[in-house]
Amino acid sequence: DEKTKKSGYFTGDYSGKKLPKQLLLTDHRYAGLKKAENSNQVLLRRSTYVENPDLYLGDLSFASLVKASSLNPQQANVKWGNVKLVSYLAQDGTPLQGLLFTPEGFDGVKKFPMMVYFYERNSETLHNYRPPAPSRSTINIPYFVSNDYVVFVPDIKYDLGLPGPSAYDCIMPGVQAVVALGGIDKENMAIQGQSWGGYQVAYLMTRTNLFKAAGAGAPVVNMTSAYGGIRWGTGMSRMFQYEQTQSRIGGTLWEKPLYYLENSPLLTLDRVNTPVLIMHNDADGAVPWYQGIEM
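Predicted model, so just to flag it, every value in this text is computed and none were measured. (Residues numbered from 1 in each chain as written. Predicted model: local features only at pLDDT ≥ 70, side-chain atom pairs only at ≥ 80, totals over all residues. Heavy atoms only, no water.)

**Student:** Would you explain the overall build of the protein in this entry?
**Tutor:** When its secondary structure is counted, the protein shows seven helices and 13 strands. Seen through its C-alpha atoms, the protein measures out along the principal axes to roughly 65 × 50 × 40 Å. Taking all 295 residues of the protein together, the buried fraction comes to 46%. In the protein, once contacts between residues fewer than 6 apart in sequence are set aside, the share between residues at least 24 apart is 60%. Carbon together with sulfur atoms contributes 53% to the accessible area of the protein, which is approximately 15,200 Å² in total. (Helix = DSSP H or I, 4+ residues; strand = E, 2+ residues; numbered from the N terminus. Buried < 20%, exposed > 50% of the residue type's maximum accessible area, 1.4 Å probe, protein only. Contact = heavy atoms within 4.5 Å. Areas by Shrake-Rupley, 256 points an atom, 1.4 Å probe, with all protein chains shown as cover.)

**Student:** Help me understand the pattern of salt bridges, please; the structure alone is not making it clear to me.
**Tutor:** Where charged atoms from two side chains of opposite charge approach closely, those side chains can pair. Enumeration according to the criterion identifies five salt bridges in this entry. With a shortest N-O distance of 3.3 Å, Lys79 and Asp148 are connected by a salt bridge. Here the residue Lys79 occupies a position in the loop between strand E6 (66-67) and strand E7 (82-89), and Asp148 occupies one in the loop between helix H1 (141-146) and strand E10 (150-154), the gap between them amounting to 69 residues. Between Lys157 and Asp92 there is a salt bridge, with the nearest N and O atoms lying 2.5 Å from each other. Placement of the pair is Lys157 in the loop between E10 and helix H2 (163-181) and Asp92 in the loop between E7 and strand E8 (95-102), with a sequence separation of 65 residues. (Salt bridge = Lys/Arg side-chain N within 4 Å of Asp/Glu carboxyl O.)

**Student:** Just to check I follow, could you spell out the sheet that holds strand E3 (residues 29-35) for this structure?
**Tutor:** To summarise the sheet geometry, strands pair through backbone hydrogen bonds and adopt either a parallel or an antiparallel arrangement. Read across the open sheet, the four strands follow the order E3-E4-E5-E6; overall the sheet is antiparallel. Edge positions in the sheet fall to E3 and E6, since each of these pairs with one other strand and no more. Across two bridges, the pairing between strand E5 (residues 54-59) and E6 is antiparallel. Across the sheet, Tyr56 pairs through a bridge with Lys67, a residue of E6. (Pairing = 2+ DSSP bridges.)

**Student:** Would you take a moment to explain the environment of Arg207 for this structure?
**Tutor:** Structurally, Arg207 can be placed in the loop between helix H3 (196-205) and strand E12 (213-217). What makes Arg207 partly exposed here is its relative accessible area of 36%. Put simply, Arg207 and Gly164 are 43 residues apart on the chain and 9.9 Å apart in space, counted from C-alpha to C-alpha. Setting aside residues up to four positions removed in sequence, Arg207 forms contacts with Pro165 and Tyr168. Within the structure, the side chain of Arg207 is placed 3.0 Å from the side chain of Tyr203, a separation counted as a polar contact. (Polar contact = N/O pair within 3.5 Å; in protein donor to acceptor, adjacent residues only side chain to side chain.)

**Student:** Explain the nonpolar core here, please?
**Tutor:** Soluble, globular proteins show a tendency: their nonpolar side chains are buried together. In terms of nonpolar packing, the biggest core is built from 46 residues, with Met114, Val116 and Leu204 touching the most fellow members. When residues no more than four places from it in sequence are discounted, the contact partners of Leu204 are Phe118, Ala167, Tyr168, Ile171, Met172, Ile191 and Phe211. Formed by 16 residues, the second largest nonpolar core is a distinct cluster that contains Tyr49, Val83, Leu99 and Ile141. (Core = buried A, V, L, I, M, F, W, Y, C linked by side-chain atoms within 4.5 Å.)

**Student:** Teacher, can you tell me more about H3 here?
**Tutor:** Along an α-helix, residues three or four positions apart point the same way, because every turn accommodates 3.6 residues. Of all 10 residues in H3, 10 are buried; the element is thus mostly enclosed. Turning to H3, its buried residues are Trp196, Gly197, Gly198, Tyr199, Gln200, Val201, Ala202, Tyr203, Leu204 and Met205. Taken together, the buried residues of H3 touch H2, strand E11 (184-194), E12, helix H4 (223-227), helix H6 (257-262) and strand E13 (276-279).

**Student:** Even after reading the chapter, I still don't get the packing of aromatic side chains, so can you show me in this structure?
**Tutor:** The way to describe two aromatic rings as a pair is by their centre distance and the angle between their planes. What the rule picks out here adds up to 15 aromatic pairs. Look at Tyr9 and Tyr30: their rings are 5.6 Å apart centre to centre, the planes differ by 65°, and that puts the pair in the edge-to-face class. Placement of Tyr9 in strand E1 (residues 7-11) and of Tyr30 in strand E3 is noted, with a sequence separation of 21 residues between them. A residue is classified by how much of its surface remains accessible, and Tyr30, at 12% relative accessible area, is buried. Linked through ring pairs, Tyr49, Trp80, Phe101 and Tyr129 together constitute an aromatic cluster. Sitting over the face of the ring of Tyr56, Arg46 holds its NZ or CZ atom 4.4 Å from the ring centroid. (Phe/Tyr/Trp six-rings, centres within 6.5 Å; stacked < 30°, edge-to-face > 60°. Lys NZ or Arg CZ within 6 Å of the ring centre and 35° of its normal.)

**Student:** Hey, could you run me through the sheet that holds E8 in this one?
**Tutor:** Read across the open sheet, the seven strands follow the order E7-E8-E10-E9-E11-E12-E13; overall the sheet is mixed. Sheet topology places E7 and E13 at the edges, where each strand pairs with a single neighbour. Between one strand axis and the next, the sheet turns by 20° as a mean value, whatever way the strands run. In the sheet, E7 pairs with E8 via eight bridges, with the strands oriented antiparallel. Directly across from Val83, in E8, lies its bridge partner Phe101. Its contacts with the sheet place H2 against E7, E8, strand E9 (112-117), E10 and E11, and it is angled at close to 120° to E7. Strand contacts of H3: E11, E12 and E13, with the helix running at about 135° to E11, the strand carrying the most contacts. (Axes fitted to C-alpha atoms, helices over the stretch in contact; angles between N-to-C directions.)

**Student:** Is there a simple way to think about the side chain of His28 in this case?
**Tutor:** Positionally, His28 belongs in the loop between strand E2 (21-26) and E3. A relative accessible area of 13% means that His28 is categorised as buried. Separated by 3.5 Å, the side chains of His28 and Arg46 make a polar contact. Not counting residues up to four positions away in its chain, the partners in contact with His28 are Lys5, Ser7, Arg46, Ser47, Thr48, Glu51 and His127.

In short, geometric facts, not functional conclusions.
Given below as C-alpha cells:
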C-alpha cells in the first residue's frame, strides 16, 4: 500500500476477469516466497524495522503463519528504538512522507540530536529490517538510533531542470515538520548523503545554515565538469545522466547552460558556514572523484 506501506499477498485471476482477492495485508515486509513442490505449504520471510526477517511457514491461505527461525537473538542487547511514517507538505504543497527513527525513551519532551539522511524516496522501506553493520558510505541508522539520535529520512520529488531546488523544497519542510512534533534539539541537527545524496548535501549547505554539521559522500558540485566526465567502471560518458536520468536537467549543456550553473553548488560555496566532511575515493566507478577535489 503506497500510503500505509502495508504489504502482503493476493490471489489473482490470470485471465483478468476477476479482481484480486486479499489473503494477507499487514504492517510488515514480506520476501522470498517459496511453495513446496508437492503440497500447499509455503515458506517466506517477514520483517519490520524491529523484527529480523525470520522464516515463517504456512499454507496458500496465509491464514496462520508460524515463525520457524530466530536468526538474530543478539539484537536483544541493542537499544533498537522504533520508526514511524511522517506526513508533510513540500514547499509547493505536494503531500510527501518520510521515515522518523526514534531512540528508546523518545517522548517528544526530552530533546535528542537529529541526523537527516536522504536519497530519492525511501518511505516505502518503512518495514525494512536494518542490521547495525558497518557501511561503505551512508549512515547506519540503528547505530545512530542506539546512540540516542533521531534519524529523519524525507522523500524528495523532483522538478525537471531543478534537482537542487527540488531537494531544498522537499527536505527543509520535512525537517520543520519533524521539529514541530517536539523532542528535537534544534541546535544539534546534521545532514548526510552519499553520491546523489552527497550532491544534495552540498547544495543544501549553500542555501541554509540550519545544520550544525554536514557529510557529503562522493558529491558532484560542478555539473559542467561532471557532464564531461566518464564513469570509470563502464567508460560511459556522464552526459546521459544529466540529459535523461537522475540529475534531471533534461537537456544538453548547450541547450540549458543556466540550469547546469544554477544546480552547481560549487558556484555558491562561498556562502557555506556549515562544517562539512567530504569523502571521496579514487576507485569510485560512478562519480568522478575529482568532484570531491573541486569541492
